[in-house]
Amino acid sequence: MSNQKVAIITLGCSKNTVESESVAGLFLKEGFDLTNDIFKSDIIVIHTCSFIKDARLESENCIKYTGEIKEKKPYLKIFVSGCLPQLLKNQLLQKYPFIDGCVGTGNFGDIVKLIKKDVFFKNTEIAGGMNDSSKRVLSSSLPTTYIKISEGCNHKCSFCIIPKLRGKYQSRSINSIVNEAKALADCGIKEINIIAQDTTSYGLDIYGKLSLHKLMDKLSQINDLKWIRLLYAYPSRINKQLLDVISQRENICKYIDIPIQHISKHVLKNMARPVNAREIVENIKKQYPDIILRTSIIAGFPRETEEDFKELVGFVRENHFEHIGIFGYSDQKNAKSFNLKNKIKHELIETRKQIVANAQFQNVLKNNKNKIGKSFEFLIENIAGKKAYGRTYFQAPEIDNNVFVNLQSNNIKAGEFKKIIVSGIKDYDIIAQLETEKKAGWKMV
Ligand code: SF4
C-alpha cells in the first residue's frame, strides 16, 4: 500500500506559507507523501485566508474547485484550515458539506494527527498560530525564505480582524528562532525575511521588554546569512536600539517595512493607529538616511475628508518610501470600523487609490533614475533566455519591484548573488547589466 499523497494549497500571507511548510514536514514525518499536483493527491489541505473580503472569496472559490474535483474522485479527502474556518466556523461546513474536516488557526499543527484518525473533525475554538516550524519543507528552491517570530496581535486597529483570527501576541523564544535560522542557513538559505503580524512587539510577552533588536543581533551573527530583512514593523514600536542594529550589521538589509496606513491624525485616530506616523517616519529618514522604507496605505477609510486625503497625497509626494502597498478600504462586518458612519463610496475609494498610486509612481521613477550607473548585489531568482530577474537588498520578495538583467552569456544560475550595474528603468522595474559583462566591455542590446 503506497503512502497517501497530500497536496497543500496555501492562500494568503507569507505567515501562512511558513505554517504550510511546517505542516508539510509533519506529514512527511507521519509517513505521507507530498505532491504539488492536486489531481494526483489523495488528500488536499487548503490553508486559507480571510483577512478581507477578496481573500475570503479566493479561499471559498478554492474550496468549491476542490469540491468539483471530489465529485469525480469520491475517495479524495478535503481538509480546510486557518483563518476562514476560524472566522466562519460551522457556517463553512454547512456551506460546503463535502469538507472532511477543518481546523482553525490555533491548532493547525494538529491537522496531521487528526487526519490519521480518519474520522471527521472540526476544531476552530482556539485563535492562534503554529509556532513550531522546526520541520519545514521549503516550498521554494531559491535561497530565500521567511521566519515567523511570533503569532497573534494585541493592537486594536479598527479595520482589522486579525486579532480575532490569530489571538493574543505570542513570541517564540530567541533560541528557537536562531536555531531555525541556523538550520535554514545550513540548507543554503541566504536571505531571511522576518515576519509576524507585528514584528516590533517581539519579546514584550516572554521577556517583559521589546527584544527585536536582540533577536536581530543574534541572527546577524549567522555568517552564512547574507540578507536579513525586517517586515511588518509597527510604527510606534520602532526604537533606537533596533534602528542601530539594522544600520550597523552588514548582513541586515538597510530596509524596514513600516505600515503607517495613513498620515492624517484625524484618520489615524479613527483607525486606532499611532497618530504620530509623520514624526516617526521623518525621524527615521533624518537619523538613518540609508535605511530604505516600505509602507502600506489604506485610501478611502470611513470619514476620510478631502483635507485628510490631500494631506496623505502630499505626504506621499515627499518621497519617504521606496515602495508603497496601496489598498482601498474594505468593510468587514467583524471589524470595529464597520460601525463608523460616512463611509466613502466604492468609486471614490478606487479614485483615491489611483491618485496615491500615481503620486508614488513619480517617486519610483525618480528613485530608480537616481540609481542608474550605481552597482548593487543582486539575487538571481529566475533566468529566461538572455534575461535574468531578481532583487537587490532594497526589494522584498513577492511585494516589491524587480531588477531585470540582460545577459550576454549564460554562465549564471538562479539562486546566485552577482554584482550588477543599473543601466535603465522600465515602469516600476530596474534594468541592469552584470558588472563582469560591463567590465568586459560588452554592450547592452
Ligand atoms: S497591527 Fe496589524 S495585525 Fe495587528 S490589529 Fe493592526 S493591522 Fe491588524
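Bear in mind the structure is a predicted one, so any value in this text is a computation, not a measurement.

**Student:** Looking at this model, I keep getting lost on the overall build of the protein chain. Mind explaining?
**Tutor:** Regarding its fold elements, the protein chain presents 14 helices and 19 strands. Taking 445 residues into account, the globule formula puts the C-alpha radius of gyration at 22 Å, and the protein chain, at 23 Å, falls close to it. Looking at the 445 residues of the protein chain, the share that counts as buried comes to 56%. Averaging the locations of the 67 positively and 49 negatively charged side chains of the protein chain gives two centres separated by 2 Å.

**Student:** Could you clarify how one ought to interpret the nonpolar core in this entry?
**Tutor:** Nonpolar side chains tend toward joint burial in soluble globular proteins. M216 and I256 are the most contacted members of the largest nonpolar core, which has 64 residues in total. Broken down by element, this core gets its largest block of residues, six residues, from helix α7 (residues 174-186). Look past the residues within four positions of I256 in its chain and what remains in contact with it is L230, A233, I238, L243, I246, I291, I292, L293 and R294. Within the second largest apolar cluster, 25 residues are counted, among which are W227, I292, V422 and A432.

**Student:** Explanation requested: the pairing of strand β10 (residues 191-195) in the structure shown.
**Tutor:** Consecutive residues of a regular strand have side chains that alternate between opposite faces of the sheet. Counting buried residues along β10, five of its five residues qualify, which places the element largely inside the surrounding structure. Taking every second residue as pointing to the same face, both faces of β10 are buried, with E191, N193 and I195 on one and I192 and I194 on the other. As paired strands, strand β7 (residues 144-148) and β10 are joined by five bridges and run parallel to one another. Note that in β10 the partner of I147 across the bridge is I194. A crossover links β10 with its parallel partner strand β11 (residues 227-230), the connecting element being helix α8 (residues 212-220), and its sense is right-handed.

**Student:** What should I look at first to understand the site of the ligand in this one?
**Tutor:** Residues in contact with the ligand, as listed here, are C153, H155, C157, F159, C160, I162, P163, Q197, Y234 and R273. Split into classes, the residues belonging to the shell around the ligand amount to seven nonpolar, two polar and one charged.

**Student:** Whenever I open this one, helix α9 (residues 240-248) confuses me. Can you help?
**Tutor:** Given 3.6 residues to a turn, an α-helix orients residues that are three or four positions apart in the same direction. All of the buried residues along α9 are L242, L243, D244, V245 and I246. On the buried face of α9, the contacting elements are α8, β11, β12 (252-257) and α11 (277-287).

**Student:** Where do I start with the sheet that holds β11 in this structure?
**Tutor:** Pairing between the strands of a sheet is mediated by backbone hydrogen bonds and can be parallel or antiparallel. Taken together, six strands build an open sheet; the order of strands is β7-β10-β11-β12-β13-β14 and the sheet is parallel. Two strands bound the open sheet, and with one partner strand each, they are β7 and β14 (323-328). Ignoring strand direction, the axes of neighbouring strands in this sheet form an average angle of 20°. The pairing of β11 with β12 spans two bridges and is classified as parallel. Pairing of I228 across the sheet is with I252, part of β12.

**Student:** Whenever I open this one, the pattern of salt bridges confuses me. Can you help?
**Tutor:** Close approach of charged atoms allows side chains with opposite charge to pair. Taken as a whole, this structure holds 27 salt bridges when the rule is applied. For K95, the salt bridge is made with E60, and the minimal N-O distance between the two is 2.8 Å. Of this pair, K95 sits in helix α4 (residues 90-95) while E60 sits in helix α2 (residues 53-72), placing them 35 residues apart in sequence. The salt bridge partner of E151 is K148, with a shortest N-O separation of 2.6 Å. In this structure, E151 and K148 share a single accessibility class: buried. Bridged by salt links that share partners, the residues E19, K148, E151 and R166 form one connected network.

**Student:** Explain the sheet that holds strand β6 (residues 121-123) here, please?
**Tutor:** Within the open sheet, the six strands sit side by side as β2-β1-β3-β4-β5-β6. Their pairing is parallel. Edge positions in the open sheet fall to β2 (33-34) and β6, since each of these has one partner strand only. Bridge count for strand β1 (residues 5-10) against β2 is two bridges, and the pairing is parallel. Its bridge partner being in β2, V6 is matched across the sheet by L34. Sitting on the sheet, helix α1 (residues 14-29) is in contact with β1, β2 and β3 (43-48), with an inclination near 170° to β1.

**Student:** Which parts of the structure should I look at to understand a positive patch on the surface?
**Tutor:** Together, K29, K113, K117 and K135 line one region of the surface with positive charge. With respect to the secondary-structure elements, K29 resides in helix α1.

**Student:** What's the story with the packing of aromatic side chains in this structure? I'm lost.
**Tutor:** We describe a pair of aromatic rings using the distance from one ring centre to the other and the angle between the two ring planes. Here the structure, examined in full by the defined rule, presents eleven aromatic pairs. Taken together, a centroid distance of 5.0 Å and an interplanar angle of 85° make the contact between W227 and F417 edge-to-face. Pair noted here: W227 is in strand β11 and F417 is in strand β18 (residues 417-426), with a separation of 190 residues, a long-range link. Classification of F417 by relative accessible area gives buried; the value is 16%. Residues F361 and Y428 carry aromatic rings whose centres are separated by 4.7 Å and whose planes lie at 45° to one another, so their mutual orientation is tilted. Pair noted here: F361 is in helix α13 (residues 346-369) and Y428 is in the loop between β18 and β19 (429-434), with a separation of 67 residues, a long-range link. Of the aromatic side chains, those joined through ring pairs into one cluster are F159, F301 and Y329. A cation sits over an aromatic face here: K15 above Y232, 3.5 Å from the ring centre. The positively charged end of K226 is found above the aromatic ring belonging to F417, 5.1 Å away from the centroid.

**Student:** How should the packing of α8 against α9 be read in this particular structure?
**Tutor:** Helix packing geometry: the angle between the two helix axes and the distance between the axes. Orientation of α8 relative to α9, taken along the N-to-C sense of each, is 15°, at an axis distance of 8 Å. Between α8 and α9, the angle is such that the two are roughly parallel. As α8 packs across α9, the resulting crossing turns out to be left-handed. Contacts from L212, H213, M216 and D217 in α8 reach Q241, L242, V245 and I246 in α9. Residues of the contact of α8 with α9, tallied by class, amount to five nonpolar, two polar and one charged.

Definitions and cut-offs
Residues numbered from 1 in each chain as written. Predicted model: local features only at pLDDT ≥ 70, side-chain atom pairs only at ≥ 80, totals over all residues. Heavy atoms only, no water. Helix = DSSP H or I, 4+ residues; strand = E, 2+ residues; numbered from the N terminus. Rg over C-alpha atoms; globule rule 2.2 N^0.38 Å. Buried < 20%, exposed > 50% of the residue type's maximum accessible area, 1.4 Å probe, protein only. Lys, Arg positive; Asp, Glu negative; His and termini not counted. Charge placed at Lys NZ, Arg CZ, Asp CG, Glu CD. Core = buried A, V, L, I, M, F, W, Y, C linked by side-chain atoms within 4.5 Å. Contact = heavy atoms within 4.5 Å. Pairing = 2+ DSSP bridges. Right-handed = clockwise from strand over helix to strand, strands pointing away. Near = heavy atom within 4 Å. Nonpolar A, V, L, I, M, F, W, Y, C, P; charged D, E, K, R; others polar. Axes fitted to C-alpha atoms, helices over the stretch in contact; angles between N-to-C directions. Salt bridge = Lys/Arg side-chain N within 4 Å of Asp/Glu carboxyl O. Patch = residues over 30% accessible without salt bridge, like charges linked within 9 Å, V, L, I, M, F, W, Y side chains within 5 Å. Areas by Shrake-Rupley, 256 points an atom, 1.4 Å probe, with all protein chains shown as cover. Phe/Tyr/Trp six-rings, centres within 6.5 Å; stacked < 30°, edge-to-face > 60°. Lys NZ or Arg CZ within 6 Å of the ring centre and 35° of its normal. Parallel < 35°, antiparallel > 145°, perpendicular 65-115°, else oblique. Left-handed = near helix turned anticlockwise from the far one by under 90°.

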